[in-house]
Amino acid sequence: MEIIAEIGQNHNGSIILAKELIHAAKENGADVAKFQIYNAKKLFTKKNNIWYKSNLESELSKDEIIELYEECKRVKIEFMASVFSPELVNITEAIKMKRYKIASRSIFDKKLINRIFKTKKPIIFSLGMWNKNHFPYERNRRLKYLFCVSKYPTPKSLITFDNYTFKKYDGFSDHTIGIEKAKESIKLGAKILEKHFT
């Protein structure tokens, strides 16, 4: 069982807070501290976006990414990130990030996914926005898939598992408040749990 603590952009642009969240993830048993790496002006629209200022403030620079990677290394927790544009993969390759996470919103971004495929590293996909019955790529030891509902936060009533869910999926990306659904997914056989913990 592997636990990914999703910090995302909830450090609000504060490296001090980001480091505190890395430590909290480690102290509470997570295997991975996960961030989001993006060019905010390219990724987010300004129109009708009440979070736009926060999106801009939460963008990590190359130096900040390196600093957070080094902090993870120091406290012995894996640094992972969802990267949102192909050119930013150069940064995560420079720090030798071990594997990649494809966020639900990036599942149809062929240029990004092809760039990450070129690294030949393991990839975890969230399928919250995938609307087809088959997986986007062949499931194998290098490619893992997470059950996900893309609402923030997700009402617990929208999360329904059955005994087959974690025979099909490798794990669960949990956007609900609390740990009830996370515990249920583990009980039903999820091998990976990504939890938005803040």
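Look up a bit, the structure's there.
Keep in mind it's a predicted model, so treat the numbers as computed, not measured.

Visitor: Lay out the environment of Glu78 in plain terms, naming residues and giving numbers.
Guide: Summarising the element assignment, Glu78 is placed in strand β3 (residues 78–83). Sequence separation between Glu78 and Ser54 is 24 residues, and the spatial gap between their C-alpha atoms is 26 Å. If we skip the residues at most four places from it in the chain, Glu78 touches Glu2, Asp31, Val32, Ala33, Cys72, Lys98 and Arg99.

Visitor: Could you give me a rundown of the pairing of strand β2 (residues 32–37), with the residues and numbers involved?
Guide: Counting buried positions along β2 yields six of six residues, so the element is predominantly enclosed. Covered by surrounding structure in β2 are Val32, Lys34 and Gln36 together with Ala33, Phe35 and Ile37, the residues of both alternating faces. Relative to β2, strand β1 (residues 2–8) runs parallel, the two being bridged by four bridges. Bridge assignment links Gly8 to a residue of β2, and that residue is Phe35. Note that β2 and β3 share six bridges and pair parallel. Counted as the bridge partner of Lys34 is Met80 from β3.

The rules behind each value
Residues numbered from 1 in each chain as written. Predicted model: local features only at pLDDT ≥ 70, side-chain atom pairs only at ≥ 80, totals over all residues. Heavy atoms only, no water. Helix = DSSP H or I, 4+ residues; strand = E, 2+ residues; numbered from the N terminus. Contact = heavy atoms within 4.5 Å. Buried < 20%, exposed > 50% of the residue type's maximum accessible area, 1.4 Å probe, protein only. Pairing = 2+ DSSP bridges.

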